[in-house]
Amino acid sequence: MVTATFATFQVKDYELHQYETAKWVSTVIQGETQKEAMCQGFWKLFHYIQGKNEKEMKIDMTVPVTCLIKSGCADFKISFFMPFEHQDSPPQPTNSDVFIKGRKAAAVFVHKHGHELLNKTTFHFYQVLWWICLPEKYADEAEVLARTLRNRGQPFHEDFFYTAGYDSPFKLFNRHNEVWYFKR
């Protein structure tokens, strides 16, 4: 899998990543729960990389898969990083719900966590089919990072955060998940 590149600065309780300007393929899911939005969004984007684009081109899967979460908003933007070889001229989506958009270079506070897709007593097959961990775990981890940043006097955009998942949906344990807050 192709990974978005960044420079990393390690701090005791979090990392600071410096991301370069890059294009991402995205979709916005409205009015659903976060879990349902992530599932629907993932599949729309997966179809795009499987050839549902103007060039009918298959594109390598990339990581992280991100989800933008805004305070008080029921819209979720799910995104895949566009591979380096397609940054200059990505194939345009054929689904009107899918779009290509650039993200400007940014400094991002990152908190890594490894929550599992399921626990030892609960197995729901549909949980294996979406990419990232349980949404409520992300909210908990985002609050941990926000509290840490406030305590350390770090300025950040508090009205939104991103979730980021790096693992295959078939990896059930020891997962690499993150929450991101953008530095002000």
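Thresholds applied
Residues numbered from 1 in each chain as written. Predicted model: local features only at pLDDT ≥ 70, side-chain atom pairs only at ≥ 80, totals over all residues. Heavy atoms only, no water. Phe/Tyr/Trp six-rings, centres within 6.5 Å; stacked < 30°, edge-to-face > 60°. Helix = DSSP H or I, 4+ residues; strand = E, 2+ residues; numbered from the N terminus. Buried < 20%, exposed > 50% of the residue type's maximum accessible area, 1.4 Å probe, protein only. Lys NZ or Arg CZ within 6 Å of the ring centre and 35° of its normal. Pairing = 2+ DSSP bridges. Axes fitted to C-alpha atoms, helices over the stretch in contact; angles between N-to-C directions. Contact = heavy atoms within 4.5 Å.

**Student:** Help me understand the packing of aromatic side chains in this model?
**Tutor:** For any two aromatic rings, the description comes down to two numbers: the centre-to-centre distance and the angle of the planes. One pass over the full model with this rule turns up 15 aromatic pairs. Consider the rings of W43 and F46, whose centres lie 5.4 Å apart with planes at 85°: the pair is edge-to-face. Of the two residues, W43 and F46 are both situated in helix α1 (residues 34-49); the distance of three residues between them amounts to about one turn of the helix. Accessibility expressed as a relative area gives 26% for F46, which makes it partly exposed. Note on F161 and Y181: the rings are 5.8 Å apart at their centroids and 50° apart in plane angle, and the pair reads as tilted. A residue pair is termed long-range when its members are at least 10 positions apart, and F161 in strand β10 (residues 160-165) and Y181 in strand β11 (residues 177-182) qualify at 20 residues. Linked through ring pairs, F6, Y19, F160, Y162, W180 and F182 together constitute an aromatic cluster. Across the ring face of W24, the terminal group of R103 is positioned such that the distance to the ring centre comes to 3.7 Å.

**Student:** Could you clarify how one ought to interpret the sheet that holds β11 in this entry?
**Tutor:** Judged by pairing direction, the sheet is antiparallel, and its nine strands sit side by side in the order β2-β3-β9-β11-β10-β6-β7-β4-β8 without closing on themselves. A strand with exactly one partner marks an edge of an open sheet, and here the two such strands are β2 (6-10) and β8 (98-103). Strand-to-strand twist of the sheet, defined as the mean angle between neighbouring strand axes without regard to direction, takes the value 30°. Of the strands in this sheet, β4 (22-30), β6 (65-70), β7 (75-81), β8 and β10 are in contact with α1, which crosses β7 at around 35°.

**Student:** Is there a simple way to think about the environment of T33 in this case?
**Tutor:** Here T33 shows up in the loop between β4 and α1. The class of T33 is exposed, set by a relative accessible area of 52%. The sequence separation of T33 and A74 amounts to 41 residues, and the corresponding C-alpha distance is 7.5 Å.

Taken by themselves, the reported measurements are silent on function.
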